[in-house]
Amino acid sequence: DSGVTQTPKHLITATGQRVTLRCSPRSGDLSVYWYQQSLDQGLQFLIQYYNGEERAKGNILERFSAQQFPDLHSELNLSSLELGDSALYFCASSSGQGLYEQYFGPGTRLTVT
Amino acid sequence: AQKITQTQPGMFVQEKEAVTLDCTYDTSDPSYGLFWYKQPSSGEMIFLIYQGSYDQQNATEGRYSLNFQKARKSANLVISASQLGDSAMYFCAMREGLQGAQKLVFGQGTRLTINP
């Protein structure tokens, strides 16, 4: 158990809908990262937050947004969902901004039908 | 340009044998970190081992060791005395720089199958 929690574990929804994925980092970790894992794109970085502030953006679509709250949990919002958004979404956390290990949550498997 | 290359899509190894999973990387930043993760069929990403670019010695964690050859830009994972439970996807990843984005860039992975 990495100490990072993600809910829900599975999510099935229809095209055009909006969903929210939730992540709680390990106790004491200030950085939260979101990654998407799909068969065709592999594991891709989406966005990073550090202590409530956005620090880096990767290949994140405009239909996607995220935030980190004062209690350090984070939410990833996916809207106007398309079939191609079906993937495993991971949240990871680390203790700082340096070259620290990132610990991953169990992931949320999103299926868009 | 591909930053992390894992050239072995799949590997088959007999139980109790040692196995080496290849990883080469590309960066011009002198400060970087290299990571290996294991993803079993259940889907979670399990952190295995970390090597910093300034580390003088190769990293080791139990049965895992990292064969770090900086000049060749390779960071191969060695698993000693393989077990059936080692069957999984293995990803090599890199993080560049001490400041700025701390994202991990992943390779395409190697699927390791341990045969009894």
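The structure presented is a predicted model; accordingly, all values stated were derived computationally and were not measured.

Trainee: Before we go on, may I ask you to explain the side chain of Gln 39 of chain B in this structure?
Mentor: Position of Gln 39 of chain B relative to the elements: it lies in strand 5 (residues 32-39). Taking the relative accessible area as the measure of exposure, Gln 39 of chain B reaches 9% and is therefore buried. From its side chain, Gln 39 of chain B meets the backbone oxygen of Gly 43 of chain B in a polar contact 2.8 Å long. When neighbours within four sequence positions are excluded, Gln 39 of chain B is seen to be in contact with Gln 37, Leu 88 and Phe 90 of chain A together with Glu 44, Met 45, Ala 88, Met 89 and Phe 91 of chain B.

Trainee: It is not clear to me how the sheet that holds strand 8 (residues 74-78) of chain A should be interpreted in this structure. Could you clarify?
Mentor: Sheet strands line up and pair through hydrogen bonds in the backbone, either parallel or antiparallel. All names here are of chain A. Spatial strand order, 1-3-8-7: 4 strands in an open sheet with antiparallel pairing. One side of each edge strand has no neighbouring strand; the edge strands of this open sheet are strand 1 (5-7) and strand 7 (64-68). Averaged over all adjacent pairs, the angle separating strand axes in this sheet is 15°, with direction ignored.

Trainee: Would you mind going over the nonpolar core with me for this structure?
Mentor: A general tendency of soluble globular proteins is for nonpolar side chains to be buried together. Grouped together as the largest cluster of nonpolar side chains are 25 residues, with contacts concentrated most on Tyr 25, Trp 36, Ile 49, Leu 77, Tyr 90 and Leu 112 of chain B. The biggest single contributor to this core is strand 10 (residues 88-96) of chain B, with 4 residues. Setting aside residues no more than four positions away along its own chain, Tyr 90 of chain B makes contact with Gln 6, Leu 21, Trp 36, Tyr 37, Lys 38, Leu 48, Leu 77, Ile 79, Gly 109, Thr 110 and Leu 112 of chain B. Counting residues in each nonpolar core, the second largest holds 21 residues, with Val 4, Val 32, Tyr 49 and Cys 91 of chain A among its members.

Trainee: Looking at this structure, I do not really get the pairing of strand 6 (residues 46-52) of chain B. What am I missing?
Mentor: Residues and elements named next belong to chain B. In terms of burial, strand 6 is largely enclosed, as 6 of its 7 residues are buried. Bridging between strand 5 and strand 6 involves 6 bridges; their strand directions are antiparallel. Bridge pairing in strand 6 links Phe 35 to Tyr 50. As consecutive antiparallel partners, strand 5 and strand 6 are separated by 6 residues, and within that stretch Gly 43 has a phi angle of approximately 105°, a positive value.

Trainee: Would you take a moment to explain the interface of chain A and chain B for this structure?
Mentor: You'll often see interface size given as the accessible area lost when the parts meet. At the junction of the two partners, chain A supplies 18 residues and chain B supplies 21 residues. Around 1,700 Å² of area is buried between chain A and chain B when both sides are counted, 59% of it from carbon and sulfur atoms. There are 0 salt bridges connecting chain A and chain B. Taken together, the links from chain A to chain B amount to 3 residue pairs in polar contact (both at pLDDT 80 or more). Broken down by secondary-structure element, the contributors of at least two residues to the side of chain A that touches chain B are strand 4 (31-38), strand 5 (42-50), strand 9 (87-94) and strand 10 (103-104) of chain A.

Trainee: Is there a simple way to explain the environment of Asp 71 of chain A in this structure?
Mentor: All names here are of chain A. Tracing the chain through its elements places Asp 71 in the loop between strand 7 and strand 8. Taking the C-alpha atoms as reference, Asp 71 lies 19 Å from Pro 8; in sequence the two are 63 residues apart. A polar contact of 2.7 Å, which involves the side chain of Asp 71, links it to the side chain of His 73.

Trainee: How should I be thinking about the state of the cysteines in this particular structure?
Mentor: One pass over the structure, following the stated rule, counts 2 disulfides over all chains. The side chain of Cys 23 of chain A participates in a disulfide bridge whose partner is Cys 91 of chain A; the two sulfur atoms lie 1.8 Å from each other. Judged by the sign of its S-S torsion, about -50°, the cystine formed by Cys 23 of chain A and Cys 91 of chain A is left-handed. In this pair, Cys 23 of chain A sits in strand 3 (residues 19-24) while Cys 91 of chain A sits in strand 9, placing the two residues 68 residues apart along the sequence. Exposure class is identical for Cys 23 of chain A and Cys 91 of chain A. Each is buried. Residue Cys 23 of chain B pairs covalently with Cys 92 of chain B via a disulfide, S to S 2.0 Å.

Analysis parameters
- Residues numbered from 1 in each chain as written.
- Chains lettered and ligands numbered in written order.
- Predicted model: local features only at pLDDT ≥ 70, side-chain atom pairs only at ≥ 80, totals over all residues.
- Heavy atoms only, no water.
- Helix = DSSP H or I, 4+ residues; strand = E, 2+ residues; numbered from the N terminus.
- Buried < 20%, exposed > 50% of the residue type's maximum accessible area, 1.4 Å probe, protein only.
- Polar contact = N/O pair within 3.5 Å; in protein donor to acceptor, adjacent residues only side chain to side chain.
- Contact = heavy atoms within 4.5 Å.
- Pairing = 2+ DSSP bridges.
- Axes fitted to C-alpha atoms, helices over the stretch in contact; angles between N-to-C directions.
- Core = buried A, V, L, I, M, F, W, Y, C linked by side-chain atoms within 4.5 Å.
- Buried area = accessible area lost by both parts, 1.4 Å probe.
- Salt bridge = Lys/Arg side-chain N within 4 Å of Asp/Glu carboxyl O.
- Disulfide = S-S within 2.5 Å.

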